[in-house]
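# Per-entry structural report
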Amino acid sequence: MKMGFRWYGEGNDTVSLDDIRQIPGVQTVVWSLHHKQAGEVWEEAEIAAEIATITGLTDEHRSRGVTKTLDAEVVESVNVHESIKLGTTVLGMSRDEAIANYVTTIERLGRAGVKVVCYNFMPVFDWLRTDLFHPLPDGSTALFYDQKVVDGLTPEKLIADMAAGTGALTMPGWEPERLAHFAELNEAYQGVTHGDMYAHYKYFLDAVIPTCEEYDVKLGVHPDDPAFDLFGWPRVVSTKDDLATVLSLNDSVYNGLTLCLGSFSSNPEAAAVDAVRTFMDRIHFTHVRNIKHLPGGSFTEVGHRASEGSVDTIGIMKAYAEAGFTGYVRPDHGRHLWDENTTRRPRPGYGLYDRALGTQYLLGLWDAFRS
Ligand code: CS2
Ligand code: MN
């Protein structure tokens, strides 16, 4: 197992590479070119520059006696254009053009030494929460999902709220200037079934996987977050059956999972340890974190320790340790601690302290179960 830590890039993250280097046991920086839109090709020079930044040591480092280096073997994410999910032309791009660009990006990442690429297949937007600074009893804050808030919403109401700069939802990537796209996509998803989505998904995998095999880049899909349908749009990577279906769409081991146990467990029916054991051979990357279920389908994020919430993080690490898991792991969303909301002002869920604590809990379990 290799421990990773997500980093948003120089000038785009309040956590530094030096901070990450000092967390015991962290080897891999999980990175992306965050300015790239879905469907865009990643340029070779930009990839090389980012990897050099992550893996390099400067003279200043050497003058301080720093020798520990980090690797850049995992990318999260290369986002999938909506045309691919919809199987048609949308937002001015055809799915074949979007797939060709995806293939080129994979080739280039493979040549640059990247081993795993994470992505998701969620319609319209990535993870969704109703509160980014929900107070916990210990005085920290965490990301929060209130089902009652979501139940009262329609896509139309959402669009109106976003236009007015109000509303209780946070959807990464959906800044007001992209509102027009939101309406177009909502329209495009009308009548699209789960079965349609799987057919489009298979078309994508069959086109991309041969390149993944050739360049030795493993794909890992991140589960839907939360792991159920929202606003009537079809989500197809939510349940254990969904994961099995996705893996069966293309049998190559390069078609694999980024098993995020926090997202997967947002559905109270989900059995996290069972999923880890079932899909072990196809898990290339995993996010291990905890959430606490609340009545009515709501949940709050909590610290990584098993006793803090509803996810059996001990059983999960035991399963990985017993199998001798050789993939990558990272902690996931952390609480905001120790005044960092006013001092460091991290990206929601991506502060330094709680994620660093998370790594040590996960590594402690790993070490104990491996010995
Ligand atoms: C996230 C997602 O749970 C998570 O890891 O914060 O944004 C995730 O990075 C994407 O869904 C992966 O494509
Ligand atoms: Mn995750």
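The structure we're discussing is the one just above.
This next bit is on the pattern of salt bridges. Evaluation of the coordinates by the stated rule reveals 29 salt bridges. Close ionic contact of aspartate 206 with lysine 202 constitutes a salt bridge, the shortest N to O distance being 3.0 Å. Of this pair, aspartate 206 and lysine 202 both sit in helix H9 (residues 194-215), 4 residues apart, roughly one helical turn. Look at lysine 202 and you get partly exposed, because its relative accessible area is 35%. Via salt bridges that share partners, Arg6, Glu76, Arg129, Asp225, Arg289, Glu301, Arg330 and Asp332 belong to a single interconnected network.

Only His222 (NE2), Cys260 (SG), His287 (ND1) and Asp332 (OD) from the protein reach the manganese ion (ligand 2) as donors, at distances of 2.1 to 2.5 Å. Relative to the metal, the 6 donor atoms surrounding the manganese ion (ligand 2) lie at angles of 52 to 172°, and the coordination shape comes out irregular. Spacing between the donor residues of the manganese ion (ligand 2) along their common chain follows H-x37-C-x26-H-x44-D. Within this pair, whereas histidine 222 is found in strand S7 (residues 218-222), its partner cysteine 260 is found in strand S8 (residues 255-260), the two being separated by 38 residues in sequence. Exposure class is identical for histidine 222 and cysteine 260. Each is buried.

Another aspect to go through is the site of ligand 1. In the neighbourhood of ligand 1, 17 residues make up the surrounding shell, with Glu76, Ser77, Asp126, Trp127 and Tyr350 lying closest. Here an oxygen atom of ligand 1 and a side-chain polar atom of aspartate 126 are 2.8 Å apart. Histidine 287 is positioned such that a nitrogen or oxygen atom in its side chain is 3.2 Å from an oxygen atom of ligand 1. Within the complex, the protein chains bury 98% of what would otherwise be the 340 Å² of accessible surface of ligand 1. A total of 3 residues in the shell around ligand 1 trace back to one element, the largest contributor, which is strand S4 (residues 116-120). Its residues assigned to classes, the shell around ligand 1 comprises 5 nonpolar, 6 polar and 6 charged.

Below, the discussion takes up the packing of aromatic side chains. Under the criterion given, the structure shown has 15 aromatic pairs. Ring geometry for phenylalanine 121 and tyrosine 201: centres 3.9 Å apart, planes at 5°, overall stacked. Taken together, the residues span a long stretch of sequence, with phenylalanine 121 in the loop between S4 and strand S5 (131-135) and tyrosine 201 in helix H9 at a distance of 80 residues. We note that phenylalanine 121, like tyrosine 201, is buried. Ring centres of tyrosine 145 and phenylalanine 299 lie 5.2 Å apart, and the angle between their planes is 20°; on these two criteria the pair is classed as stacked. Note that tyrosine 145 is positioned in strand S6 (residues 141-145) and phenylalanine 299 in strand S11 (residues 299-302), a separation of 154 residues in sequence. The exposure class of phenylalanine 299 is buried, given its relative accessible area of 1%. Taken together, the ring pairs connect Tyr102, Tyr119, Phe121, Tyr201 and Phe204 into an aromatic cluster. The ring centre of tyrosine 8 lies 3.9 Å from the NZ or CZ of arginine 347, which sits over that ring.

Attention shifts here to H9. Between its first and last C-alpha, H9 extends 31 Å over 22 residues, near the 32 Å set by a 1.5 Å rise per residue. The largest bend in H9 amounts to roughly 35° and is located at valine 208, with the proline proline 210 lying one to four residues further along. Every buried residue of H9 is listed here: Met197, Tyr198, His200, Tyr201, Phe204, Leu205, Val208, Ile209, Thr211 and Cys212. Of the residues trailing H9, aspartate 216 is marked for its positive phi of about 55°.

In contact at an axis separation of 9 Å, helix H13 (residues 313-323) and helix H14 (residues 353-370) are set at 50° when each is read in the N-to-C sense. Taken together, the axes of H13 and H14 are oblique relative to one another. Classified by chirality, the crossing of H14 by H13 is right-handed. Contact residues: H13 offers Thr313, Ile314, Met317, Lys318, Tyr320 and Ala321, while H14 offers Tyr361, Leu362, Leu365, Trp366, Phe369 and Arg370.

Turning our eyes to something else, we now look at the pairing of strand S1 (residues 2-6). Within S1, 4 of the 5 residues are buried, which leaves the element mostly enclosed by the surrounding structure. Note that S1 and strand S12 (residues 328-331) share 2 bridges and pair parallel. By the bridge assignment, lysine 2 is partnered in S12 with tyrosine 328. When S1 meets strand S2 (residues 26-31), the two strands line up parallel, connected through 4 bridges. Across the sheet, residue arginine 6 finds its bridge partner in S2, namely valine 30.

A few words now on the environment of threonine 130. Checked against the element boundaries, threonine 130 lands in the loop between S4 and S5. When the C-alpha atoms of threonine 130 and arginine 6 are compared, they prove to be 23 Å apart, with 124 residues separating the residues in sequence.

With that settled, consider the sheet that holds strand S10 (residues 290-293). Strand order in the open sheet made by the 4 strands is S5-S6-S11-S10, with antiparallel pairing throughout. Two strands lie at the open edges of the sheet, namely S5 and S10, each paired on one side alone. The mean angle between the axes of side-by-side strands here comes to 40°, regardless of whether they run parallel or antiparallel.

Procedures and definitions
Residues numbered from 1 in each chain as written. Chains lettered and ligands numbered in written order. Predicted model: local features only at pLDDT ≥ 70, side-chain atom pairs only at ≥ 80, totals over all residues. Heavy atoms only, no water. Salt bridge = Lys/Arg side-chain N within 4 Å of Asp/Glu carboxyl O. Helix = DSSP H or I, 4+ residues; strand = E, 2+ residues; numbered from the N terminus. Buried < 20%, exposed > 50% of the residue type's maximum accessible area, 1.4 Å probe, protein only. Donors = N, O, S within 2.8 Å, 3.2 Å for Na, K, Ca; no water. Tetrahedral: all angles 85-135°; square planar, octahedral: opposite > 155°, others 65-115°. Near = heavy atom within 4 Å. Polar contact = N/O pair within 3.5 Å; in protein donor to acceptor, adjacent residues only side chain to side chain. Areas by Shrake-Rupley, 256 points an atom, 1.4 Å probe, with all protein chains shown as cover. Nonpolar A, V, L, I, M, F, W, Y, C, P; charged D, E, K, R; others polar. Phe/Tyr/Trp six-rings, centres within 6.5 Å; stacked < 30°, edge-to-face > 60°. Lys NZ or Arg CZ within 6 Å of the ring centre and 35° of its normal. Expected span 1.5 Å × (residues − 1). Bend = angle between axes of the 7 residues up to and from the residue. Axes fitted to C-alpha atoms, helices over the stretch in contact; angles between N-to-C directions. Parallel < 35°, antiparallel > 145°, perpendicular 65-115°, else oblique. Left-handed = near helix turned anticlockwise from the far one by under 90°. Contact = heavy atoms within 4.5 Å. Pairing = 2+ DSSP bridges.

Keep in mind these numbers describe shape, not what the thing actually does.
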